[in-house]
Amino acid sequence: MTAPGACPATGVEYLAEVHGGAAASSVFLGGVVALTRRLALRWLRRQAHRLADALDPDPHTTRLPAQALRPTPRTAEHAPAQLRFWAADPDCAEEAADRLAAGYPYRFTAREGPAWYQLTARPLLIPASSVRPPA
């Protein structure tokens, strides 16, 4: 049953977004509307790798100026490692797909010190009134 004044949903798309921040600030790093939850999660996995590579590039790459990379102390929190683990772990992928299939949002947050990087996906219900009839 549909609530009074609400449009019945005819379909679902998925909004996937990436945010980053520290303390009281937050930055939108990108987003996409995907037709399926699998496409939304695939996009998030690519973004996780993109962030991890930007935060922790291969020191043997030739695209960096001399002295651009400096060693830092290892802590228990290492955002690039957390992002790479999330992107490669089939259990995380299954959990995210299951939550989205049930209609719930999914969120993964990687932290390092005060910085955080958040990958989110959520279903978007498509109201019947916005669907165009086939031509």
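Residue positions are given per chain, counting from 1 as you read along its sequence in written order. Totals for whole chains, interfaces and linings use every residue, but because this is a predicted model, local features are given only for residues with pLDDT of at least 70 and side-chain atom pairs only at 80 or more, for both listing and counting. Water and hydrogen atoms play no part in the side-chain values, which are based on all heavy atoms of the structure.

All right, on to unusual backbone geometry then. A positive phi angle is found at Ala23, which is not glycine, with a value near 50°. Summarising the element assignment, Ala23 is placed in the loop between strand S1 (9-22) and strand S2 (25-34). For Ala23, a relative accessible area of 75% puts it in the exposed group. Comment: elements are numbered from the N terminus, with helices defined as DSSP H or I runs of at least four residues and strands as E runs of at least two. The classification of residues rests on relative accessible area computed with a 1.4 Å probe and restricted to protein chains. Under 20% of the type maximum is buried, over 50% is exposed, and intermediate values are partly exposed.

With that out of the way, let us pick up helix H3 (residues 90-101). Here, expected helix span is obtained from the residue count minus one, scaled by 1.5 Å. Look at H3: 16 Å from first C-alpha to last across twelve residues, which is about the 16 Å you get at 1.5 Å a residue. All buried positions along H3 are accounted for by Cys92, Ala96, Ala97 and Leu100. Summarising the axial view, the buried residues of H3 lie within an arc of 130°, below the 170-degree limit, and thus occupy one face. Projecting away from the buried face of H3 at angles above 90 degrees are the exposed residues Pro90 and Asp91. Once H3 finishes, Gly103 follows within two positions and takes phi at roughly 95°, a positive value. What the arc describes is the spread of directions from the helix axis to the C-beta atoms.

It is worth spelling out helix H1 (residues 37-55) at this point. The end-to-end C-alpha distance of H1 is 27 Å, a good match for the 27 Å that 19 residues give at a rise of 1.5 Å each. Listed as buried for H1 are Ala40, Leu41, Trp43, Leu44, Gln47, Ala48, Leu51 and Ala52.

Right, let's talk about the nonpolar core for a bit. Only buried Ala, Val, Leu, Ile, Met, Phe, Trp, Tyr and Cys residues count toward a nonpolar core, and they belong to the same one when joined by side-chain atoms within 4.5 Å. Counting residues in hydrophobic clusters, the biggest one holds 26 residues, and the most contacted among them are Leu44, Leu83, Trp86, Phe108 and Leu119. For this core, the leading source of residues is H1, giving seven residues. The contact partners of Phe108, leaving out residues within four places of it in the chain, are Gln82, Leu83, Trp86, Tyr117, Gln118 and Leu119. Contacts are assigned to residue pairs that have any heavy atoms within 4.5 Å of one another.

Right, let's get into the confidence of the model for the protein. Residues of the protein with pLDDT of at least 70 account for 73%, and the chain-wide mean is 83. pLDDT under 50 marks residues 1-7. Its contacts with residues more than four places away, or in other chains, come to five contacts. Think of pLDDT as the predictor's per-residue confidence, scored from 0 to 100.

In this scheme, strands are said to pair when DSSP sees at least two bridges between them. Relative to strand S4 (residues 115-127), strand S3 (residues 106-112) runs antiparallel, the two sharing seven bridges. Each bridged residue has a counterpart across the sheet, and for Arg107 the counterpart in S4 is Thr120. Two successive antiparallel strands, S3 and S4, enclose a turn made up of two residues, where Gly113 displays a positive phi of approximately 60°.

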